[in-house]
Amino acid sequence: MAKSELSVSNRLNREKGTNTTYKNLLERSGPLNKKNKYFARDIFTLALAYGYMKNIKLPIETKDNFLNAENFGKNLPSLINALAITKSEKGIHVLAEDSSEIFDVAEQYANGGLDFLNSAYVGSEDDFIETLRIHILKLNKDDKIIKKIEEMDL
């Protein structure tokens, strides 16, 4: 496999220049601090969730290789696949396609949600956690998210 293929099929990208935002989020005191064993992939996941929640998709104009598939963590692949299935016109068939299309959806939502996450996390740590908890409860009303993932056997 050529290096360019590896880069497309096994890596998520972020907007060039957002490294500072990721770094700042990990260095602030509070629950996202890297001392609490959080990493850039966790920030990406939260930014992705914020982008999806607020329906903000921003295309990446200048891609910066960011996260290798081996470092996605346990839950990120399922989240990315579920998002691609629900947001793609191809539905479940998008999973049989090239992963670049699957990643593109996730990258755009994360890019759209990063600034929102950054500004939401400026205030009190407790307020931030409470806001996240309320959003999660609303999104998972009647366990719809869990049931859908179980149905899809992800």
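No experiment lies behind these values; they were computed from the predicted model shown.

(A) Local environment of the nonpolar core. With 31 residues, the main nonpolar core has Leu12, Ile43, Phe44, Leu48, Leu76, Ile80 and Leu117 as its most contacted residues. At the level of secondary structure, the elements contributing two or more residues to this core comprise helix H2 (19-27), helix H3 (40-53), strand S2 (63-68), helix H4 (76-87), helix H5 (99-120) and helix H6 (125-139). Broken down by element, the residue count for this core peaks at eight residues, all from H5. Discounting chain neighbours no more than four positions away, the residues touching Ile80 are Leu12, Phe72, Ile102, Phe103 and Ala106.

(B) The arrangement of H2 in detail. Among the residues of H2, Thr21, Tyr22, Leu25 and Leu26 are the ones counted as buried. Viewed end-on, H2 has its buried residues packed into an arc of 130 degrees, placing them on one side of the element.

(C) Focus on the packing of aromatic side chains. If you walk through the whole model with that rule in mind, you get five aromatic pairs. Between Tyr50 and Phe116, the ring centres sit 4.9 Å apart and the planes meet at 55 degrees, which makes this aromatic pair tilted. Taken together, the residues Tyr50 in helix H3 and Phe116 in helix H5 connect sequence positions 66 residues apart. Seen in terms of ring centroids, Tyr52 and Tyr109 are 5.8 Å apart; in terms of plane orientation they differ by 65 degrees. Their pairing is edge-to-face. With Tyr52 in helix H3 and Tyr109 in helix H5, this pair connects stretches of sequence that are 57 residues apart. We classify Tyr52 as partly exposed; its relative accessible area is 36%. Take Tyr109: its relative accessible area is 2%, and that puts it in the buried class. Ring pairing ties together the aromatic residues Tyr22, Phe44 and Phe66, which thus form one cluster.

(D) The arrangement of the pattern of salt bridges in detail. Tallying each qualifying case throughout the model produces three salt bridges. The salt bridge involving Glu107 is made with Lys63; its shortest N-O contact spans 3.9 Å. With Glu107 in helix H5 and Lys63 in strand S2, the pair connects residues that are 44 residues apart, well separated along the chain.

(E) Molecular detail of unusual backbone geometry. For Asn55, which is not glycine, the phi dihedral falls at a positive 55 degrees. Within the element layout of this structure, Asn55 appears in the loop between H3 and S2.

(F) A look at the packing of H3 against H4. Here H3 crosses H4 at 20 degrees, and the two axes come no closer than 11 Å. With respect to H4, the element H3 is oriented roughly parallel. The way H3 lies across H4 gives a crossing that is left-handed. The segment H3 lies against H4, with Phe44, Thr45, Leu48 and Tyr52 engaging Leu76, Leu79, Leu83 and Lys87. Across the contact of H3 with H4, the residue classes break down as six nonpolar, one polar and one charged.

(G) Molecular detail of the side chain of Asn13. Among the structural elements, Asn13 can be located in strand S1 (residues 11-15). When neighbours within four sequence positions are excluded, Asn13 is seen to be in contact with Phe44, Ile60, Lys63, Asp64, Asn65, Phe66 and Glu107.

(H) Up close: the environment of Phe44. Residue position: Phe44 is located in helix H3. Sequence spacing of Phe44 and Tyr109 is 65 residues, and the spatial spacing of their C-alpha atoms is 9.5 Å. Setting aside its immediate chain neighbours within four residues, Phe44 contacts Leu12, Asn13, Tyr22, Phe66, Leu76, Ala106, Glu107 and Ala110.

Procedures and definitions
- Residues numbered from 1 in each chain as written.
- Predicted model: local features only at pLDDT ≥ 70, side-chain atom pairs only at ≥ 80, totals over all residues.
- Heavy atoms only, no water.
- Core = buried A, V, L, I, M, F, W, Y, C linked by side-chain atoms within 4.5 Å.
- Buried < 20%, exposed > 50% of the residue type's maximum accessible area, 1.4 Å probe, protein only.
- Helix = DSSP H or I, 4+ residues; strand = E, 2+ residues; numbered from the N terminus.
- Contact = heavy atoms within 4.5 Å.
- Arc of directions from axis to C-beta.
- Phe/Tyr/Trp six-rings, centres within 6.5 Å; stacked < 30°, edge-to-face > 60°.
- Salt bridge = Lys/Arg side-chain N within 4 Å of Asp/Glu carboxyl O.
- Axes fitted to C-alpha atoms, helices over the stretch in contact; angles between N-to-C directions.
- Parallel < 35°, antiparallel > 145°, perpendicular 65-115°, else oblique.
- Left-handed = near helix turned anticlockwise from the far one by under 90°.
- Nonpolar A, V, L, I, M, F, W, Y, C, P; charged D, E, K, R; others polar.

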